[in-house]
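Chains, contacts and geometry: an overview
The primary structure of each chain is shown beneath.
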Amino acid sequence: MAVKAEKKEGIWETVKTVFWALLIAGVFRTLFFQPFWIPSGSMKDTLLIGDFLFVNKMAYGYAAVSCPFSICPIEDRIMGREPERGDVVVFRHPTRGVDFIKRVIGLPGDTVQMVDGRLIINDEPVAYEQQPDFIEVKAPQGSQQLMPRCANEPVPPGGDCIKHRFTETLPNGVSHDVLDISPNWIADNTPVYTVPEGNYFFMGDNRDNSEDSRFEAVRGGLGMVPAKYLIGRADRIMFSSAGKSLLYVWTWRPDRLFKAIR
């Protein structure tokens, strides 16, 4: 009888340990940091497919989307803080219910426009400085095996896939690289967008390969993003894998370990 009692007590202790571990993990994920894998190339070369990072959920306060399955009973945001222009942010797509990662370009009240592939904010063109081309192998990338687009097409499999690279400096002095694939892409010339109060205008750094606020939500795009959909700020890459699976250790990128995101 004593053996059975000890066995039951041992099982119960295991159940309690698992319960508290899951509870602590859930609270940690809800309040502090959320893991995020980069699934697409829309933020190259700042973020590459296969980068793994933790999203700082304390940066902008908390909303319903801060909790798994959006179960937090929060109408708008609490402890809210505004993102700064140039922040790289993970947010919930307002109509699709999936998480996106882009860069904050337009703040409430701003006007934003693209002319010939160059960004204009509040009627002032931003500064650009040409950099060496971004070169990657023309091969399937990540778990979805996405094929990169190249400025020098046609490129055979295994060849050098080139994108033109520039450093863009936003009005608040934040500088980051952007990539250009085509001089005549569909979103290289846009109307003037005015960012409504309480909303943000997001763009990907891989400008010709990003579905962002240049595409209106009513037409299936992203459009403006209300503050209540912000999840957190991406500050640092923790780990990166260039392969189809994390288990392919020969594809790990040691140079991206703990790399700051800017």
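These notes cover the structure that comes with them. Remember, it's a predicted structure, so these values are computed and weren't measured experimentally.

Now for the state of the cysteines. A covalent bond between the sulfur atoms of two cysteines is what we call a disulfide. Applying the stated criterion across every chain, the model contains one disulfide. Here C150 is linked by a disulfide to C161, with a sulfur-sulfur distance of 2.0 Å. Taking the torsion about the sulfur-sulfur bond, which here is approximately -115°, the covalent link between C150 and C161 counts as left-handed. Of this pair, C150 sits in the loop between β8 (127-137) and β9 (160-169) while C161 sits in strand β9, placing them eleven residues apart in sequence.

Considering all chains together, one arrives at eight aromatic pairs under this definition. Aromatic pair W185 and F215: ring centres 5.9 Å apart, planes at 70°, arrangement edge-to-face. Remark: F215 occurs in the loop between β12 (199-203) and β13 (225-226) and W185 occurs in the loop between β10 (175-180) and β11 (193-194); sequence separation between them is 30 residues. The class of F215 is partly exposed, set by a relative accessible area of 22%. Summarising the aromatic geometry, the rings of F239 and W252 are spaced 5.1 Å apart at their centres and angled 80° between planes, so their arrangement reads as edge-to-face.

About the thresholds
Residues numbered from 1 in each chain as written. Predicted model: local features only at pLDDT ≥ 70, side-chain atom pairs only at ≥ 80, totals over all residues. Heavy atoms only, no water. Disulfide = S-S within 2.5 Å. Helix = DSSP H or I, 4+ residues; strand = E, 2+ residues; numbered from the N terminus. Phe/Tyr/Trp six-rings, centres within 6.5 Å; stacked < 30°, edge-to-face > 60°. Buried < 20%, exposed > 50% of the residue type's maximum accessible area, 1.4 Å probe, protein only.

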